[in-house]
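Observations on the three-dimensional arrangement
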Amino acid sequence: NAGVTQTPKFQVLKTGQSMTLQCAQDMNHNSMYWYRQDPGMGLRLIYYSASEGTTDKGEVPNGYNVSRLNKREFSLRLESAAPSQTSVYFCASSSYGGPGYEQYFGPGTRLTVT
Amino acid sequence: ILNVEQSPQSLHVQEGDSTNFTCSFPSSNFYALHWYRWETAKSPEALFVMTLNGDEKKKGRISATLNTKEGYSYLYIKGSQPEDSATYLCAADSGGGADGLTFGKGTHLIIQP
C-alpha cells in the first residue's frame, strides 16, 4: 500500500505559468482534499471532493481548479501561477464523509512561484 | 470558516517531564475533533479523532480529552521523549466529515535532552 502519493515533490514556476499537481490514493477512500501550508498559518483547505464525481470549494479556492478524475485520483491545477501561490501543497484522503474518520496525507509538493 | 485556536504556539520541555496543550473550537455545529502529529519533513499523521463530549483517547504515552460543551480539547504527553518533538495540530470538523477540516496553527513541541 503506497497510501497517498503526490507528484511532483518540488516545482518552480514563473509567474503566469500553469501546472497540475497530481494526487492518488490506493486505500479506496471516498473523500479527497487539497490543503496548502504557509508559514504561520494552519493547513487551509483549497478544494475537496466528498465522493467521486463531486468537488467543492474550501476556504481558499481562488486561483485553483480541481478534477476528481476517478475514485483514486484528485488533481489540482494552477492556471496562471502567482507568487502568492508559493506554498507547500498537501493532498489527503479519508474513508468516508462522516465525523469519525481521520485523514491520510500525502508527502506534499513544495511549489515556488517567482 | 471555523476559528480553531491552539496554545501555546511553541513549547520547550525537558526529557522525562509531562506536558499538555490546548485546542479551542466553536462548540456549535460540532461533528468531530482531530489531533495530528507532524514531524519535520514528513506528512501529518492522525493521532486521535473524537466525537463525543467527555471522550478520552490514549495511544501509548499520549492521551487526549474532549469537551464539546465548552469547545476545547487537551492533548497530554506523559514522560516526554526526544521522539515526541513535532508539531501537534488539532482540527475541527463541523461539516459531517466530507467537507474537510479546519486546522489550528499547531503547537510546536521541542523535547530537550
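Description of the structure in this document. (Residues numbered from 1 in each chain as written. Chains lettered and ligands numbered in written order. Predicted model: local features only at pLDDT ≥ 70, side-chain atom pairs only at ≥ 80, totals over all residues. Heavy atoms only, no water.)

What follows is about the state of the cysteines. In protein chemistry, a disulfide is the covalent bond that joins the sulfur atoms of two cysteines. If you walk through the whole model with that rule in mind, you get two disulfides over all chains. A disulfide bridge connects Cys23 of chain A with Cys91 of chain A, and the sulfur atoms are separated by 1.8 Å. Judged by the sign of its S-S torsion, about -70°, the cystine formed by Cys23 of chain A and Cys91 of chain A is left-handed. In this pair, Cys23 of chain A is assigned in strand E3 (residues 19-25) and Cys91 of chain A in strand E9 (residues 87-94), connecting sequence segments 68 residues apart. With respect to burial, Cys23 of chain A and Cys91 of chain A carry one shared label: buried. With its sulfur 1.9 Å from that of its partner, Cys23 of chain B forms a disulfide with Cys90 of chain B. (Disulfide = S-S within 2.5 Å. Helix = DSSP H or I, 4+ residues; strand = E, 2+ residues; numbered from the N terminus. Buried < 20%, exposed > 50% of the residue type's maximum accessible area, 1.4 Å probe, protein only.)

Residues and elements named next belong to chain A. A complete count under the given rule lists six salt bridges over all chains for this structure. One salt bridge connects Asp38 with Arg36, and the closest N-O pair in it is separated by 2.9 Å. Under the relative-accessibility criterion, Asp38 is labelled buried at 9%. Using a relative accessible area of 8% as the deciding quantity, one classes Arg36 as buried. Arg44 serves as the salt-bridge partner of Asp38, at 2.8 Å between the closest nitrogen and oxygen. You can call Arg44 buried: its relative accessible area is 19%. Here the residues in one salt-bridge network are Arg36, Asp38 and Arg44, joined through shared partners. (Salt bridge = Lys/Arg side-chain N within 4 Å of Asp/Glu carboxyl O.)

In this structure the tally under the stated criterion is 14 aromatic pairs over all chains. Geometrically, the ring pair formed by Tyr35 of chain A and Phe105 of chain A is tilted, given 5.8 Å between the ring centres and 40° between the ring planes. In this pair, Tyr35 of chain A is assigned in strand E4 (residues 31-37) and Phe105 of chain A in strand E10 (residues 104-105), connecting sequence segments 70 residues apart. Judged by relative accessible area, Tyr35 of chain A falls into the buried class, the value being 0%. Three or more aromatic residues link up through ring pairs in this structure, and these residues are Tyr33, Tyr35, Phe90 and Phe105 of chain A together with Tyr36, Trp38 and Phe103 of chain B. One residue, Lys59 of chain B, lies across the ring of Phe48 of chain B, its end atom 5.9 Å from the ring centre. (Phe/Tyr/Trp six-rings, centres within 6.5 Å; stacked < 30°, edge-to-face > 60°. Lys NZ or Arg CZ within 6 Å of the ring centre and 35° of its normal.)

These values are about where atoms sit, not about what they do.
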